[in-house]
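Commentary on secondary and tertiary structure
These are the residues of each chain, in order.
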Amino acid sequence: MKNSSNTVIPISTIGRARPAVAVPEVAVPATGVLLDRLGRPMTDLRISVTDRCNFRCSYCMPKDVFDKDYKYLPHSALLSFEEMTRLARLFAAHGVRKIRLTGGEPLLRKNIEGLIEQLAGIRSPSGEPLALTLTTNGSLLARKAAGLRAAGLQRVTVSLDSLDDAVFRHMNDVDFPVADVLAGIDAALAAGLGPIKVNMVVKRGTNEQEILPMARYFRTHHGGKVVLRFIEYMDVGATNGWRMDEVLPSADVIARIHAEFPLVPLEAATPGETAQRWAYADGSGEIGVISSVTQAFCHDCSRARLSTEGKLYLCLFASAGHDLRPLLRGTASDDDIASAIGHIWQGRADRYSELRALRGPDNDSGDAGGKAPRRVEMSYIGG
Ligand code: SAM
Ligand code: SF4
Ligand code: SF4
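Residues numbered from 1 in each chain as written. Chains lettered and ligands numbered in written order. Predicted model: local features only at pLDDT ≥ 70, side-chain atom pairs only at ≥ 80, totals over all residues.

Another aspect to go through is the packing of helix 3 (residues 141–151) against helix 5 (residues 178–190). With their axes 8 Å apart at the nearest point, helix 3 and helix 5 run at an angle of 15 degrees to one another. One way to sum up the angle between helix 3 and helix 5 is to call them roughly parallel. Regarding helix 3 and helix 5, the two cross each other, and that crossing is right-handed. Between helix 3 and helix 5, the contacting residues are Leu141, Ala142 and Ala145 on the first element and Asp180, Ala183, Gly184, Ala187 and Ala188 on the second. (Axes fitted to C-alpha atoms, helices over the stretch in contact; angles between N-to-C directions. Helix = DSSP H or I, 4+ residues; strand = E, 2+ residues; numbered from the N terminus. Parallel < 35°, antiparallel > 145°, perpendicular 65-115°, else oblique. Left-handed = near helix turned anticlockwise from the far one by under 90°. Contact = placed C-beta atoms within 7 Å.)

To continue, consider the site of ligand 3. Ligand 3 sits among Ser292, Phe297, Cys298, Cys301, Arg303, Cys315, Leu316, Phe317, Asp350, Arg351, Tyr352 and Ser353. Grouping the amino acids of the shell around ligand 3 by side-chain chemistry returns 7 nonpolar, 2 polar and 3 charged. (Near = placed C-beta within 6 Å. Nonpolar A, V, L, I, M, F, W, Y, C, P; charged D, E, K, R; others polar.)

The next subject is the environment of Ala183. Of note, Ala183 is situated in helix 5. It is 31 Å that separates the C-alpha atoms of Ala183 and Trp242, two residues lying 59 residues apart in sequence.

Counting residues in each nonpolar core, the largest one holds 95 residues, and the members touching the most others are Ala88, Phe91, Met200, Val202 and Leu228. A total of 7 residues in this core trace back to one element, the largest contributor, which is helix 1 (residues 81–93). Non-local contacts of Val202, meaning those with residues more than four positions away in its chain, are made with Asn207, Glu208, Ile211, Phe230, Ile231, Glu232, Tyr233, Leu248 and Val253. (Core = buried A, V, L, I, M, F, W, Y, C linked by C-beta atoms within 7 Å. Buried ≥ 20, exposed ≤ 12 C-beta atoms within 10 Å, placed from the backbone.)

Time to look at the sheet that holds strand 4 (residues 155–159). If you trace the 12 strands from one edge of the open sheet to the other, you get 7-8-9-6-5-4-3-2-1-10-11-12, paired in mixed fashion. The two strands at the open ends of the sheet, each matched to only one other strand, are strand 7 (263–265) and strand 12 (322–323). Here strand 1 (residues 44–48) runs beside strand 2 (residues 98–102); their pairing, made up of 5 bridges, is parallel. By the bridge assignment for strand 2, Ile47 is matched with Leu101. Where helix 1 meets the sheet, its contacts fall on strand 1, strand 2 and strand 10 (303–306), and the angle it forms with strand 1 comes to roughly 170 degrees. Helix-sheet contacts for helix 7 (residues 250–260) involve strand 5 (196–202), strand 6 (226–232), strand 7, strand 8 (276–280) and strand 9 (286–290), and the interaxial angle to strand 9 is about 160 degrees. (Pairing = 2+ DSSP bridges.)

Here we take up the site of ligand 2. In the vicinity of ligand 2, the contacting residues are Cys53, Phe55, Arg56, Cys57, Cys60, Met61, Gly103, Gly104, Glu105, Asn137, Ser159 and Ser379. A per-class count over the shell around ligand 2 returns 5 nonpolar, 5 polar and 2 charged.

A separate point is helix 1. Given a rise of 1.5 Å per residue, 13 residues ought to cover 18 Å, and the 18 Å separating the end C-alpha atoms of helix 1 matches this to within 8%. Every buried residue of helix 1 is listed here: Met84, Thr85, Leu87, Ala88, Leu90, Phe91, Ala92 and Ala93. Among the structural elements, strand 1, strand 2, helix 2 (112–120), strand 10 and helix 9 (334–346) are those in contact with the buried residues of helix 1. Of the residues one or two after helix 1, Gly95 is the one with positive phi, at around 125 degrees. (Expected span 1.5 Å × (residues − 1).)

Considered for burial, the residues of helix 2 that qualify are Ile112, Leu115, Ile116 and Leu119. Projected onto a plane normal to the axis of helix 2, the buried residues spread over an arc of 100 degrees and lie on a single side. Buried residues along helix 2 sit against helix 1, strand 2, strand 3 (131–136) and helix 3. (Arc of directions from axis to C-beta.)

Moving on, we get to the pairing of strand 1. Most of strand 1 sits inside the fold, with 5 of its 5 residues counted as buried. Burial along strand 1 is two-sided: Asp44, Arg46 and Ser48 and Leu45 and Ile47, pointing in opposite directions, are all buried. The β-α-β motif built from strand 1, the intervening helix 1 and the parallel element strand 2 has right-handed crossover chirality. In this sheet, strand 10 lies alongside strand 1 in parallel orientation, the contact comprising 4 bridges. What sits directly across from Leu45, in strand 10, is Ala304. (Right-handed = clockwise from strand over helix to strand, strands pointing away.)

Structural data, given as structure tokens:
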């Protein structure tokens, strides 16, 4: 971002500096179950593989901040695929069962298929492969789907905010056509990467008119192999100018769809699931809503996040991460690093969305000038 003297400051480096991660004196061995201070197990790991993106969605990487002067992480700062895989193996030993690759746009990372091949070789302590998935804007999916599947990827989630070409081009802010993303979804299904989740961020006044067309399209196409999910516009990061009046509560989304296609609630498929599930009463599939603003789900949040440069974040709204890279690039053994990860997770008490709901959203701008420390950007930490 730019400060008042127009100096470029990489957003990823803003935030409280944490002391270097140390190997704890009392070892925390990997037992396959690791609980934080609120009793939440660590079962999901999201790995951001790049902080770069070819889109400029205004709610994530607004053009005026992420412009030609923006300083992305240098290549030397990024974890190598071997370093990511080593860490992922240690997280699996602590109980992680699902890995999601994200970014930035993960398909921009060169030879991402090579990383997927390595991650696909990891086993849980009981010998099971991990669930391996990826979130993408879909722009490169038509070209890459078959190779991703061949490398061992199981599923993809595609972000898509509108079927209307003009609205979509406006929201991605790089004039990218919606037809190419739809072709990517088709290619991913053909390659065996289904069922696919399609995520739509709903911004009141921007794309709310697209809720019903999206619901109509995905309930009739693809024979129920695509699950559409509506995400409340979140106050992540500090650059998107988030305002509560631009959030359309999930309850409104459900009411609008229910008026045209009656819905019935479904039970969560897995504990810690972010989406509330609803089925079309006529049996034509299901949808989901992710209500991080109006109905916080911190109580069973089991997600750890690893940034591209090896910082472990315990919450999407954290302002600082725990830097594991010095351990990876130093002399620490696998047991040492596993112990450090265990110690960090055991100290976790993050529950930002629940606290925001108690406090009221307008009392924390997340801005560096306000009371709260600046939150890390979603394009850096991954969604
Ligand atoms: N570039 C990929 C993509 O867009 O799918 C992966 C990274 S992106 C940061 C991950 C997810 O975060 C996307 O589904 C995106 O829509 C969502 N996202 C980004 N900013 C958001 C915001 N302010 N509120 C809600 N969701 C957001
Ligand atoms: Fe890029 Fe995804 Fe962020 Fe859009 S949401 S700018 S596609 S990282
Ligand atoms: Fe998890 Fe933080 Fe989101 Fe709560 S606010 S659900 S703790 S990532």
